[in-house]
Each structure stands twice: as structure tokens, then as C-alpha cells.
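Residue-level structure breakdown
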Amino acid sequence: METTSATDARDTDAAKRTYVRVAVPLPVTGTFTYAVPNELAGRALVGTRVLVPFGRRKLTGFVVGLEESPAVDDVKTVIEVLDVEPMLSALMIELTRWVADYYLASWGEVLRAALPPGINMESRRFVRLTDEGRAALSRGAHDLTERRRKILEVAAEREKVSIALVSREAGLARGSHTDMDAVVRDGLVEIFEEIRPPRTEGGREQVVRLACTPEEALEEAAGLAKRAPKQARALTVLAEADDSTVPVGELASEGVSSATVTRLVERELVERAERERKRLSVGLPGWALADEGELTPAQRTALDTIRARGAAAELGVVLLHGVTGSGKTRVYAEAVRAALAEGRSAIVLVPEIALTPQMVQRMQKEFGGRVAVVHSGLSLGERYDTWRAIKEGMFSVVVGPRSAVFAPVAKLGLVVVDEEHEQTYKQSESPRYHARDVAIMRAKLEGAMVVLGTATPSMESYLNARDGKYDLVELPKRIDAGPLPKVEIVDMREVETVDSEGAFSHALRVAVAETLAADRQVILFLNRRGYASFVQCMGCGYSAKCPHCNVSLTYHSAGRTMRCHYCGLSVKAPGACPECQGLNLRYGAPGTQRVELAVRELFPDATVARMDVDTTTRHGSHWRILKAFAEGKTDILLGTQMIAKGLDFPGVGLVGVVAADVGLNLPDFRAGERTFQLLTQVAGRTGRGDDRGRVIVQSYLPEHYTITLAQDQYFPPFFEREIAERELLGYPPFSRLVGIVARGRTESQVIQAATRLADFLQKGADQMEDPRPQVLGPVAAPLERIKGVYRWQVLVRGKGGSGRALVAGALAQRGTLKLPSAVTLAVDVDPLDLL
């Protein structure tokens, strides 16, 4: 029988235990309570990462709070604390909580997005065939069900197989463990787990360091100068280095061989060692930038406004609306300089780091070694080391794409969002946050300033500026006060093309020839990659489609293949129709590959470069193409939207828009806005040198208001036309949208899930007060199937936060919906893509 004193002691120990709230990086709601062993209690602080058991595996979670006592009895225990000090500050915890709440995302997934990838630990569960299982297979395993026999067959293929792969190959239902548990119980297979270590390790380097004082080393070097000059050189380099330590590679570049180092080690003057290598990202080397003169009056006014708002107590957001070539980057740089002068740091967000090299160059030219560049093209080690260096205060200016909004800079004073209208600032996978809006919230929490810059503002930002929520600052003229380039529209319905590929009008061909003759460069823009958008038989009408996606295959001339741009499928293009064996195949609307052939046909002496997804797969390829163009080694640059923004090349005399209508007729209410932005942005790539520049726009819809208003490259008239239409139809920014896509491999289950969800949402909306949100759908998504996954969508439209509140309530009661387990829901608050 247990004594009273023993019971009291156990209760006292339980009362003293520490409990933490942990967010896990999985698509789950809420946080989970864990007990902390006494030996880890002092280390499990808010903001640290912990290794915890979760379901049948172990994974890295994030401590977001402490608890005195758990709300449930059966509490699991933290296995290990992974950090010596918190990786996440209190402000970052608060910011990520807001992101999770607003975008209806898992807090743990947001926290994972805020940290460099590859740093977390998690266990993976594997299946291994036992001797009994192997014997059962050899006998034919006739006494097993088909699924259980398939488990054994998959496990027999290799030494270990992940449970996920076995489940998929054996056709096990998602979340069902019956068959797997049965073969484990019968001893036919065994399950074991391995914990995958962080993928950021390995940053070590060999170094040489002095074994004496620098003064002694220089004295030795003087004595060795004549009889052993290489040893003398090595000692001199080491004596002058920080910490008297130099990597082996650097010594080799100084002509110091390994044998020389060995002799110095034998004389006990130096020693070999190993240290952590800082894999820091400061960007690629650039090309020469033109010196900028004095600020223009408009730039000074803009900068004064930014400084005044930055000094104010409340949140300051400035929309810097400047025409292309008006010097917005210079204003950004001066605003960053002002923040640094106050002892604060700055974050400069760009749409895509590879496509905006001149922004990186400008910041590096102005602020040198204080600038860090972060982006997804870095190795995991580079991203982690750069993140740590930022956190340690080594860098005070961070340039990067949307993920840089979470950079751990201290004393944030300024966030710049360049090309704030760009769709790439919206994350397409969970957590589906918009970096511009997260930047504004972060600035609010940290008392910082936000500058949104663009020549073509988003409708939401310009409306906020018009209504006084943001300060609007205009840069109405280019730096040299020169006019914007002249834009000519060619009605392609009235003309014939002059090349075999059907891409060039007579006007565009003549304009390119005249520009090249004047020793100027040409940019040709077509926002459609590949050779042709589809291949169709003129005899029976057959058109090749992807078997996994509800889209046509795009023909690529390289290798004569047809590819799906959604799932990556690539098949050999047929020489004849697979249905009727006919030879009369028609190639659809031309893509960049086909236009490149036309360019080389019409201008055989010109140097041509193509820039699209297909030509930029290798590391640094974007930079190499743009550098060659900047240095005048390329005459004609042809590309997709990659070449439409953020580039300043004074040598460009002509921009040709091969097909202005691409994207204009997509089933998306933002199609016109995006087309206007693209046309205005690409037109602005010319006329930045000594002449005005020229733009030729080819269109089959030349009377469309988007095309005609883009001709003037002036945003306000387009805004007034578009905003009136949005208000009439109740589209954003006069309402808020929440998109929910039900996804799964069985179409009937997807339709069932979407229907149940829509019915549940409608019942909830009926109980709300006016103006109650509107539930639209369910309907098949415009892209109904991608990668073999069916997609049906429900759209909720409401005023303010009513629609989001309705969806949040439904997600909280998801268990009552009884959705098929194989169907997942993708929730997108404020979606920018409805396809």
C-alpha cells in the first residue's frame, strides 16, 4: 500500500512540472500542451523549437506559450529542446499568430515559413519485411487479402520503404491503419522510425591559425623573407588576418601550398584547425550602374513625406506611385539611408530576386557589406547561415522576396515593397499569406514605416490611398523629365503576318529593323512559353490533352515534345493524329519558342536571347542572360513576364508586345487589371536613354479599354474605369473573398465534400445579420484537374471580415461535416488566383 507521504511527494512533483503550448507545422488548428521534463524546464522558453511526439511520429514544434496546468490529463512529454536560445522573438510570435488567424492557416505552418528551411527535425516511419513475411510471400500469401499481400510485395522491393509509399502503392485509404496494423501484428512486417537531422549542417572549413603572437609571426617572417619566401608570406597573411586565422583555400590563393603549411606546423609557428563556415548570401556580382545625380524635386517631396510619416507615432504607409523610370529605387535607397542613420534596420521586398538584380546592385552600391540577400535559390546552409547572421546584427539591410518579410532584423525602421501590385507576393501554398499585408502588420507591431512602390498600383492600395488610409506620393515624370515612350497599337485583325510563324506584323518587323539599324536594342514580350499553346488535328478536331490535368498540352519544338505546364508531363509529339491518322496538324497560338524562330528568320544577323522558364532552369541563368543584355552583347531579348518589370537598360529603343491579349479573357475578374499592369510595365523598359523610345502593341482586341488606356501608360483613368465596374459588381476591394478548394483523386468524393461544405456555409450565412456573406458554388474549378487531383471550389464573398468569420466557424466544426477523409480543403483568404 502506498504511503501518504509518497503520494504527497508525487503530487508535489506534478504541481512543479512545467507545461508548454506547442504549435506544430501541420495543417491542424490550435496548439498542443506538452509537459517539460525537469532537466529541460529552464530551456523550454517561448520561441524555442522542441522535438515532440505527435501521433505516430516525432517532429519539431514551436513553443508559443507556457501553462501552469494542462486542460487534459493525458499529456505527452517534450523529448528535447533544440535551441540554446529562442529563435523567435516575442514580436515574431505575435506577428505569426496574426498571420495564422487572418489567413485561417495553421500557426505551426506559419512559424515554419518564418524560419529558414531545413532546420527542423522529424521522424520518418519505415516498413521492413520480416523473415516470416518473406516466407509468406514465397508461399504465395494466399491467406491474405489483396491489400495486405500488396503491402508485403512493396516492402519486399527494398530494405526499407516509407509508410507513405507503402500506403500509396497498396491502395490503403488515407488515415486507415487496419491493414497495416494487421500485418504488423502477425509479424509479417515491422515498423521502425528514423529521426531526420537538420539539413543545414555541414558548414565547416579547414583553417590555419597562428600558434604565436602576430608580432612574433612578423618577426619570423622578416627572417625567412629570403630563404623561405612562401613561409614568410604565410606568416604575414596570418598576422594581418582577423583572429590570426585564414581558411586553407585563401592561403592557397596567396601561393601558399599545403607543404609550406606543414613545415610551419612542424616549427610550431602555426596549427591546422576546423571552424564553422559562414555561408552568407550577399548576391551575385552585377554590372556597371549609371551614377545618379541630385534628387529631383518630386523625389525630394516623396522622401520628405516618407520621413515625416516615419517620425509620426502611428503606423505610416506611403504609396509611392511613380511612372516607369521616375526614380523610385533612388527614393527607396534614401529612405533606407534615413532609417540606418537613426540606428534602425530595413527590409526591401522584391517580387522575384532573380528578376530584379538591379535593385540588389543598387542597395549593395549604397550600403555595401550591410546588405544581405535572401531567396529560395540559395542552398539550405546559405539560407540558415545568412538568417543567423541577420539575427546576430551582422546585416542591417535585407533584400529578398516575400519570405524576407520575416527576416529577424532588430529595430526594424522601414519596409519597402517594390512593385507592390505583383501577384508573386501572395503565397500559393499554405500558409497563403500576402507579404505586402504582412509587412504592414509587422510595421505596425514594430513602429516602422512602409513604402509601397509601383507604376501600376493594385486596386486595393490605390483605393486606400484615395480614401486617406495611405499617404499618396506621385512621381509623375521620368528622371530626365523626358516623355514616356510612344505606344502604337496594331490591329492584328486587319493585317497579315510577315513571317512563317505568324508572329510579326509588318509594323513590328519594320520597327525592329529600324531600331537595330540605329544600334539600339529590342525587347520582345510574349507571356506564353513553348512553341504552340496546343496541337489540333484539322481532320477530326482531336487536341492533345494532359491525362492528369484538365488542360491542353503545349508543344515544345526542342525535342519535339508536348508538355503539361502544370504537372510537368512530357510526351513525344505525334507525327500524325492519334485518332484518325491524319497529317494535317494545326499548331495553336505561338509561344516564345516559336517567336524566337520568327526573330531568327527575319533578323539573321541579330544576337537573340530568350528568357522564360525553359531557358532559366540552371542556377544563375537569369543573371547571365540579363548581364549579357546590359553589356550590349545581345541585340534582341525575347521573353515572358520575366522581362516586364524592374529592369533599367538605357540601350533599349523598342519594346514589341507580340500578343497583348494573352490573359485578357481568363475567367478572373482581375484579368483586365493584370493585363494593364503588364503592358504598362513592359512599355516602360524603353526610352530610358537619350531617345524617347517606342512601343508596338499587337492586339486582336485593340478597342478593349485595358489596351487603349495602357497606351497612355497613365494609371488614374484605368483605375476610375475599373473601380466603377468592381463597385457595381461587388468585387474586391468592395468586398472580401475567401476561396475554398476541395481536392482529391476521386471526383465523386470531391463533389460530395464541396457540396456539404457549401450547404453548411449557406446555413451559417442565413443565420448572420445583414449584410450577410454570399456563398457561391460549389462549381468545378476552371482548372478542374491538376496532377490527377480533382478540384471543386466554393467562394465566400462578404463585407469586412464576415466571410472570413463564416469560413473560420465552418473549419472549427469540420468534424460535423463528415467530409471524405481522402479530400483536403485548401483555404485562401483574399485570393488573387481563382483558376
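Predicted model, so just to flag it, every value in this text is computed and none were measured. (Residues numbered from 1 in each chain as written. Predicted model: local features only at pLDDT ≥ 70, side-chain atom pairs only at ≥ 80, totals over all residues. Heavy atoms only, no water.)

1. So, the packing of aromatic side chains
Following the criterion strictly, the structure yields 16 aromatic pairs and no others. Look at Y462 and F715: their rings are 4.9 Å apart centre to centre, the planes differ by 75°, and that puts the pair in the edge-to-face class. Here Y462 is found in helix α17 (residues 459-466), whereas its partner F715 is found in helix α23 (residues 715-729), with 253 residues between them in sequence. In terms of burial, Y462 and F715 fall into one category: buried. One Lys or Arg, K160, reaches over the ring of F126 and ends 4.6 Å from the middle of that ring. (Phe/Tyr/Trp six-rings, centres within 6.5 Å; stacked < 30°, edge-to-face > 60°. Helix = DSSP H or I, 4+ residues; strand = E, 2+ residues; numbered from the N terminus. Buried < 20%, exposed > 50% of the residue type's maximum accessible area, 1.4 Å probe, protein only. Lys NZ or Arg CZ within 6 Å of the ring centre and 35° of its normal.)

2. Thoughts on helix α16 (residues 435-446)
With 12 residues, α16 extends 16 Å between its outermost C-alpha atoms, agreeing within 8% with the 16 Å of an ideal straight helix rising 1.5 Å per residue. Counted residue by residue, α16 has nine buried out of 12 residues, so it is predominantly covered. If you check which residues of α16 are buried, you get A435, R436, V438, A439, I440, M441, R442, A443 and E446. Elements that come into contact with the buried residues of α16 comprise α2 (90-102), β12 (316-322), β13 (345-349), β16 (412-418), β17 (449-454) and α17. Count one or two residues on from α16 and you reach G447, which has phi positive near 65°. (Expected span 1.5 Å × (residues − 1). Contact = heavy atoms within 4.5 Å.)

3. Side note on the packing of α17 against α23
For the pair α17 and α23, the least separation of the axes is 11 Å and the interaxial angle reads 100°. Taken as axis vectors, α17 and α23 run roughly perpendicular relative to one another. Of α23, the residues touching α17 (which contributes M459, Y462, L463 and R466) are F715, P716, F718, F719, E720, E722, I723 and R726. Taken together, the residues of the contact of α17 with α23 sort by class into eight nonpolar, no polar and four charged. (Axes fitted to C-alpha atoms, helices over the stretch in contact; angles between N-to-C directions. Parallel < 35°, antiparallel > 145°, perpendicular 65-115°, else oblique. Nonpolar A, V, L, I, M, F, W, Y, C, P; charged D, E, K, R; others polar.)

4. Let's talk about the pairing of strand β27 (residues 636-639)
What you see with β27 is no split at all: I636 and L638 on one side and L637 and G639 on the other are buried throughout. Relative to β27, strand β20 (residues 521-525) runs parallel, the two being bridged by four bridges. Its bridge partner lying in β27, I523 is registered against L637. Pairing of strand β26 (residues 608-611) with β27, which is carried by four bridges, proceeds in the parallel orientation. Within β27, the position partnered with M611 by the bridge is G639. In this region the chain leaves β26, passes through helix α20 (residues 621-630) and returns to the parallel neighbour β27; the handedness of that crossover is right-handed. (Pairing = 2+ DSSP bridges. Right-handed = clockwise from strand over helix to strand, strands pointing away.)

5. Side note on the pattern of salt bridges
Considering all chains together, one arrives at 45 salt bridges under this definition. Across the pair E460 and R670 runs a salt bridge, and its minimum N-O distance is 3.3 Å. Of this pair, E460 sits in helix α17 while R670 is found in the loop between β28 (652-657) and α21 (671-683), placing the two residues 210 residues apart along the sequence. Of the residues examined, R670 reaches a relative accessible area of 7% and is grouped as buried. Via salt bridges that share partners, R330, E334, R337 and E366 belong to a single interconnected network. (Salt bridge = Lys/Arg side-chain N within 4 Å of Asp/Glu carboxyl O.)

6. Looking at empty space enclosed by the protein
For the coordinates displayed, the defined rule picks out four cavities of 30 Å³ or more. Quantified by volume, the largest cavity comes out at close to 60 Å³. V487, V657, L679, V682, A683, V695, V697, I707, A710 and Q711 together form the lining of the largest cavity. Elements with a minimum of two residues in the lining of the largest cavity: α21, β29 (694-699) and α22 (705-710). The element best represented in the lining of the largest cavity is α21, accounting for three residues. (1 Å grid on protein atoms, 1.4 Å probe; cavity = no way out; pocket = protein on both sides within 12 Å on 5 of 7 lines; lining within 4 Å. Points joined across faces, edges and corners; volume = space filled by probe spheres on them.)

7. What to know about the sheet that holds strand β31 (residues 774-786)
Taken in spatial order, the four strands line up as β31-β32-β30-β33 in an open sheet, and their pairing is antiparallel. Each edge of the open sheet carries a strand with a single partner, namely β31 and β33 (824-829). Direction aside, neighbouring strands of the sheet carry axes that sit 20° apart on average. Pairing between strand β30 (residues 736-744) and strand β32 (residues 789-798): nine bridges, direction antiparallel. By the bridge assignment, R743 is partnered in β32 with R791. Its contacts with the sheet place helix α24 (residues 747-766) against β30, β31, β32 and β33, and it is angled at close to 10° to β32. Each of β30, β31, β32 and β33 touches helix α25 (residues 802-812); the most contacted strand, β32, lies at about 130° to it.

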